[in-house]
Amino acid sequence: MTDYIIQTPDLREDPISQIPAVEVLINLGWEYLSPKEALKLRDNKKSNVLLEGVLVPWLRENNTIYFKGKTLPFTEGNILSAVQDLKDFLYDGLIRTNEKIYDLLSLGKSLQQSVDGDIKSFNLQYIDWEHPENNVYHVTEEFPVERSGSYQTRRPDIVLFVNGIPLVVIECKS
């Protein structure tokens, strides 16, 4: 008589889908951030979904003003204003709010800045659509987000960021 050992399969999400998905993304070039690192880049605020520790330096390094033969940086005030514009979206219905965010991310933000005494508007880009290699790509897992007006959190399994901006949320199922 042969003894058969019946082994119950591991149906938890982590080993079946989440870990392999993260591994694929890392192999595709996405830089892994542990949940602790991701929270630190959010100023340790679960209500903040932007990785400001990534976004602010990227905006500084990848946005310049070309005016009258000069190349100048955006002011720190304009950089911080651009970040605040991403954070301050008032809910105007799902479709309208998504359209506004899409327009901001795809078209950029026009910001006024004084150059040699002239106040002009210059466009700041959140994502380099023409040269994707200039962007920075991060992946993290178990990304807790605090709900507005509450301490309750939602925790997506995997979140993908471009320049510190969350663009993709993945829920893994076993």
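Fair warning: this is a prediction, and the values are worked out from it, not measured in the lab. (Residues numbered from 1 in each chain as written. Predicted model: local features only at pLDDT ≥ 70, side-chain atom pairs only at ≥ 80, totals over all residues. Heavy atoms only, no water.)

## A few points about the pattern of salt bridges
Here's step 1: Taken as a whole, this structure holds six salt bridges when the rule is applied.
Here's step 2: In this structure, the salt-bridge partner of Lys87 is Glu52, at a minimum N-O distance of 2.7 Å. In this pair, Lys87 is assigned in helix α4 (residues 76–87) and Glu52 in helix α3 (residues 52–62), connecting sequence segments 35 residues apart.
Here's step 3: Taking relative accessible area as the criterion, Lys87 reaches 39% and is therefore assigned partly exposed.
Here's step 4: Of the charged contacts, one joins Asp92 and Lys100 as a salt bridge, the two residues approaching to 3.2 Å between their closest N and O atoms.
Here's step 5: The class of Asp92 is partly exposed, set by a relative accessible area of 33%.
Here's step 6: Judged by relative accessible area, Lys100 falls into the partly exposed class, the value being 34%.
Here's step 7: Sharing partners across several salt bridges, the network here consists of Asp92, Arg96 and Lys100. (Salt bridge = Lys/Arg side-chain N within 4 Å of Asp/Glu carboxyl O. Helix = DSSP H or I, 4+ residues; strand = E, 2+ residues; numbered from the N terminus. Buried < 20%, exposed > 50% of the residue type's maximum accessible area, 1.4 Å probe, protein only.)

So far we have only geometry, and geometry alone does not tell us how the molecule works.
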